[in-house]
Amino acid sequence: MSFSSSVKSELCSMPLGDDCCMKAELAAFLRINGTMLFMGNNEVGLYFSTESASVARRIFKLLKGRYKVQPEILIRKNRRLNKKNVYMIAVLNPSEARALLEDAHVLYSDEMGNTNIYAGIYPALVENECCKRAYLRATFLGGGYISDPERNYHLEIVTHDLQYAQSLSNLVGRFGMQVKIMERKGKHVLYFKEGEYIANFLNIIGAHQALLELENIRACKDMRNNINRIVNCETANLSKTVNAAIRQIENIEYIHQSIGLNKLPPQLREIAELRLMYRDASLKELGSMLVPPIGKSGVNHRLRKLDEIADALREKKKGEI
């Protein structure tokens, strides 16, 4: 089972909640998974479609628990998606379907008696904190996906129109998170790519087992990243030290071949001989071998002087040529 499927399985096993939460949850399923059937004479039917058996069972329970309807269930093969099952929960009784759609504030009648579709999320549906969470839970169950956090952080919810996507984005924003919207194949997708936001979202919709698993993975990844940073830093410092030592030895040998080390001042000759003798020693170790001992900055200062002498000798040789 994928991580996304395990999250949905956990959410579907949650109790249905209070009457107001069931109403909010079913309203979200209607907007994400619902399709209306206009039959003429101002009559309407509807059905829900999903590829998840657990989501289909939850929608069925909501319809029976909140509205006492007896929906029809159909199972079809989706030829475009590797013949996966598509579960369809249909409410074909016009009076039951209309009552459900109007109660969920998906449909409303204007002053002329015409039937209209409410574009966004009806505010009263998500007035309570528990209803906000229930609504977001259903949107994820109906059109959501979360990637395996071992690979990358990505959570998305697919919606059918921009205005509804923006309303859903505003609802997510009430929990202090910013969700991005992109268009993909004619649909509008809300998505997170930040591990912290995804963790917060899982907490909001009640996927606490998945949240713990995600946080464990995040902690391990952070630890690995910190270790890699330390190793990279130490490797870079070691490489820098080795390159500096090679340059110092080359310059000292060039001075020795050009004028001889005995022409150097005593302090410079002493550090030059030590560097040639102990090629792998650090600056601190070289300093401790001097009499009297000096610190790293003092050793570095003398070696820079030797570099300058070697550069000056090279320049002089070029001028003579």
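Quick look at the structure, then.

Conventions adopted
Residues numbered from 1 in each chain as written. Predicted model: local features only at pLDDT ≥ 70, side-chain atom pairs only at ≥ 80, totals over all residues. Heavy atoms only, no water. Pairing = 2+ DSSP bridges. Helix = DSSP H or I, 4+ residues; strand = E, 2+ residues; numbered from the N terminus. Axes fitted to C-alpha atoms, helices over the stretch in contact; angles between N-to-C directions. Contact = heavy atoms within 4.5 Å. Core = buried A, V, L, I, M, F, W, Y, C linked by side-chain atoms within 4.5 Å. Buried < 20%, exposed > 50% of the residue type's maximum accessible area, 1.4 Å probe, protein only. 1 Å grid on protein atoms, 1.4 Å probe; cavity = no way out; pocket = protein on both sides within 12 Å on 5 of 7 lines; lining within 4 Å. Points joined across faces, edges and corners; volume = space filled by probe spheres on them. Nonpolar A, V, L, I, M, F, W, Y, C, P; charged D, E, K, R; others polar. Parallel < 35°, antiparallel > 145°, perpendicular 65-115°, else oblique. Left-handed = near helix turned anticlockwise from the far one by under 90°. Expected span 1.5 Å × (residues − 1). Polar contact = N/O pair within 3.5 Å; in protein donor to acceptor, adjacent residues only side chain to side chain.

Regarding the sheet that holds strand 4 (residues 84-91)
- The sheet built from 4 strands is open, its strands ordered 1-2-4-3 with antiparallel pairing. The sheet terminates laterally at strand 1 (34-40) and strand 3 (72-78), the two strands that pair on one side only. Between one strand axis and the next, the sheet turns through 25° on average, direction left out of account.
- Relative to strand 4, strand 3 runs antiparallel, the two sharing 7 bridges. Paired with Ile-73 across the strands is Ile-89, a residue of strand 4.
- Running over the sheet, helix 2 (residues 19-33) touches strand 1 and strand 2 (43-50) and is turned about 85° from strand 2.
- Packed onto the sheet, helix 3 (residues 53-67) meets strand 2, strand 3 and strand 4 and runs at close to 10° relative to strand 4.

Overview of the nonpolar core
- In terms of nonpolar packing, the biggest core is built from 64 residues, with Tyr-135 and Leu-202 touching the most fellow members.
- Residue contributions to this core peak at 9 residues, all from helix 2.
- Sequence-distant contacts of Tyr-135, defined by excluding residues within four places in its chain, comprise Ala-24, Ala-27, Ala-28, Arg-31, Ile-121, Val-126, Tyr-164, Leu-168 and Leu-171.
- Membership of the second largest hydrophobic core comes to 17 residues, among which are Ile-255, Ala-272, Leu-274 and Leu-286.

Regarding the layout of surface pockets
- The computed volume of the largest pocket comes to approximately 1,600 Å³.
- In this structure, the largest pocket is lined by 45 residues; those nearest its centre are Asn-33, Glu-51, Gly-142, Gly-143 and Lys-187.
- Per-class residue counts for the lining of the largest pocket are 17 nonpolar, 18 polar and 10 charged.
- For the second largest pocket, the calculated volume is near 420 Å³.
- Lining the second largest pocket we find 19 residues, and of these Thr-241, Val-242, Ala-281, Ser-282 and Leu-283 sit closest to its centre.
- Where the lining of the second largest pocket is concerned, the elements lending two or more residues are helix 8 (208-258), helix 10 (283-289) and helix 11 (296-320).
- Residue contributions to the lining of the second largest pocket peak at 10 residues, all from helix 8.
- Residues that form the lining of the second largest pocket fall into these classes: 8 nonpolar, 4 polar and 7 charged.

Quick look at the packing of helix 7 (residues 195-205) against helix 8
- Relative orientation of the contacting elements helix 7 and helix 8 amounts to 160°, with a least axis distance of 8 Å. Here helix 8 runs roughly antiparallel to helix 7, going by the angle between their axes. Every pair of crossing elements has a handedness; the one defined by helix 7 and helix 8 is left-handed. On helix 8, the residues touching Gly-195, Glu-196, Ile-198, Ala-199, Leu-202 and Asn-203 of helix 7 are His-208, Ala-210, Leu-211, Leu-214, Glu-215 and Arg-218.

Some words on helix 6 (residues 162-173)
- Between its first and last C-alpha, helix 6 extends 16 Å over 12 residues, near the 16 Å set by a 1.5 Å rise per residue.
- The complete set of buried residues in helix 6 reads Tyr-164, Ala-165, Ser-167, Leu-168, Ser-169, Leu-171 and Val-172.
- Where helix 6 is buried, its residues meet helix 2, helix 5 (129-143), strand 8 (155-159), strand 9 (180-184) and strand 10 (187-192).
- Its side-chain oxygen placed 3.3 Å from the backbone nitrogen of Gln-163, Asp-161 serves as the N-cap of helix 6.

Focus on the packing of helix 2 against helix 3
- Here helix 2 crosses helix 3 at 130°, and the two axes come no closer than 10 Å. Judged by the inter-axis angle, helix 2 sits oblique to helix 3. The handedness of the crossing between helix 2 and helix 3 comes out as left-handed. Contact with helix 2, carried on its side by Asp-19, Met-22, Lys-23, Glu-25, Leu-26 and Phe-29, involves Val-55, Arg-58, Ile-59, Leu-62, Leu-63, Gly-65, Arg-66 and Tyr-67 of helix 3 and no other residues of that element.
- A breakdown of the residues in the contact of helix 2 with helix 3 according to their chemical character gives 8 nonpolar, 1 polar and 5 charged.

Some details on unusual backbone geometry
- Of note, the bond from Val-291 into Pro-292 is cis; its omega dihedral lies within 30 degrees of zero at -5°.
- Structurally, the position occupied by Pro-292 is in the loop between helix 10 and helix 11.
- In this structure, Lys-68 takes a positive phi of about 60° despite not being glycine.
- You can see Lys-68 is positioned in the loop between helix 3 and strand 3.
- Looking at Lys-68, the relative accessible area reads 66%, which means it is exposed.
- Its identity as a non-glycine residue notwithstanding, His-105 has a phi of 60°, on the positive side.
- Relative to the helices and strands, His-105 resides in the loop between helix 4 (94-103) and strand 5 (107-109).

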